[in-house]
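# Secondary and tertiary structure notes
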Amino acid sequence: MGSITTSTITLPTTTTTKTKFTHLSSLLTKPHSLTSSNPQIFKPLTLSTLSRPHTRSIPKSSAADATAASAVPSTAVSSRNLKHRLRNGETLYGLFLLSFSPTLAEIAGLAGYDFVVVDMEHGHGGISDALPCLHALAASGTAAILRVPETSATWAKKALDLGPQGIMFPMIESAESAQEAVSFCRFPRAGIRGAAHTIVRASKYGIDEGYLGNYLDELLILCQVETEEGVKNVEDIAAVDGVDCVQMGPLDLSASMGYLWDPRNKKVREVLRKAERKVLGSRNDDVRVGAYLGGFAMPHDGPKDMRSRGYHMISGAVDVGLFRKAVVEDVTSFKVSMSDDDSDHEEGEGDEEYWSE
């Protein structure tokens with residue numbers, strides 16, 4: 001038998017290389033610790049170590065009456081304030097705003113009126129409508145006065161919270177009604193005005209820390225005398241503490257005397273002149289005692305005449321009246337020009353007929 005030879009076959013060795021994957025988190029830079037191994041080098045921040053921003057404290061309501069508050073010296077009263085200007089002997093000229101248009105209010109301010117009365121008595125608007133007008137007047141640097149529709153605590157409170165420089169009360173007929181109107185403008189205990197001075201526009205929404213100390217010195221209180229009864233008591237009304245200005249109302253006065261359609265009637269003018277002299281006599285050459293005299297210009301009694309008689313505040317026009325006058329004149333002018341064109345056309349008809357033959 002043949003022999004079998006066994007041989008060993010050596011196979012090439014294959015080296016297997018394993019790939020090592022490094023976790024992504026190990027590649028990222030570790031954040032620095034907020035604490036340090038050396039406590040002397042680093043101390044954690046606390047609320048006590050943070051610098052606090054400067055905040056202005058809002059004055060809280062005080063039980064002290066407005067008289068005591070007004071005794072606090074104030075340096076915040078602007079030289080453009082109506083009271084300040086009246087005390088300096090200026091004659092102020094203003095406009096009544098019945099349209100409640102912020103645009104017209106702004107134009108009036110930019111035109112140079114010293115004040116604008118936003119009229120909630122005869123105008124269609126209320127508090128919400130008045131506010132945009134006050135914004136527009138503030139933007140033009142013009143003083144705003146709000147005339148309330150009636151002499152009541154509610155209307156006065158809402159009007160004063162808007163922060164006008166003046167408030168006008170209609171139909172004041174006695175010293176008692178004037179005292180009541182003044183009380184609506186003063187905080188307790190000197191008055192009955194509701195206190196929300198920490199949040200309303202009058203105090204710049206609580207930012208004006210000096211509001212309680214100077215609000216009485218900044219606010220002009222006007223009482224309208226516009227009836228026969230009011231004229232009889234005008235001297236007593238002007239003498240009421242807190243009444244800054246007596247505003248004469250010639251139209252209502254003439255109506256109360258039976259001359260609604262004749263405000264320039266001699267009897268009306270005589271009664272008005274007598275009332276004017278009594279108001280002017282209340283001042284006695286003392287700038288802080290008595291009332292200033294205000295009124296409305298009329299077609300028969302213009303601003304120049306009123307100023308010559310001693311008026312301190314003169315309302316010369318109404319925005320609606322000015323616009324009415326402008327548009328009526330504009331339309332009339334156009335129609336007249338059309339009539340002139342028609343006349344020219346008729347005069348030239350002979351030539352046209354000639355050319356048409």
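Preceding this section is the structure that the text describes.
Reference entry: report on the structure contained in this document. Every value quoted in this text rests on a predicted model; they were computed, and no experiment measured them.

## As for unusual backbone geometry
Look at the link from Pro-188 to Arg-189: it is a cis peptide, with omega at 15 degrees. Mapping Arg-189 onto the fold places it in the loop between α7 (175-183) and α8 (211-218). Backbone geometry at Met-171 places phi at a positive 55 degrees, although glycine is not the residue there. Along the polypeptide, Met-171 turns up in the loop between β4 (166-169) and α7. Residue class for Met-171 comes out partly exposed when judged on its relative accessible area of 39%. Of note in this structure, Tyr-205 is not a glycine but carries a positive phi near 60 degrees. When you line up the elements, Tyr-205 lands in the loop between α7 and α8.

## Brief notes about the packing of aromatic side chains
By the definition in use, this model includes 4 aromatic pairs. With a centroid separation of 4.9 Å and an interplanar angle of 55 degrees, the aromatic rings of Phe-96 and Phe-296 are classed as tilted. Within this pair, whereas Phe-96 is found in strand β1 (residues 92-97), its partner Phe-296 is found in strand β7 (residues 292-296), the two being separated by 200 residues in sequence. The rings of Phe-187, Tyr-211 and Tyr-215 are connected pair by pair, giving a single aromatic cluster. When the ring centre of Tyr-292 is taken as origin, the NZ or CZ atom of Arg-283, which lies over that ring, is 3.8 Å away.

What counts, and at which threshold
- Residues numbered from 1 in each chain as written.
- Predicted model: local features only at pLDDT ≥ 70, side-chain atom pairs only at ≥ 80, totals over all residues.
- Heavy atoms only, no water.
- Helix = DSSP H or I, 4+ residues; strand = E, 2+ residues; numbered from the N terminus.
- Buried < 20%, exposed > 50% of the residue type's maximum accessible area, 1.4 Å probe, protein only.
- Phe/Tyr/Trp six-rings, centres within 6.5 Å; stacked < 30°, edge-to-face > 60°.
- Lys NZ or Arg CZ within 6 Å of the ring centre and 35° of its normal.

Note that every value here comes from positions in space, so none of it alone points to a role or purpose.
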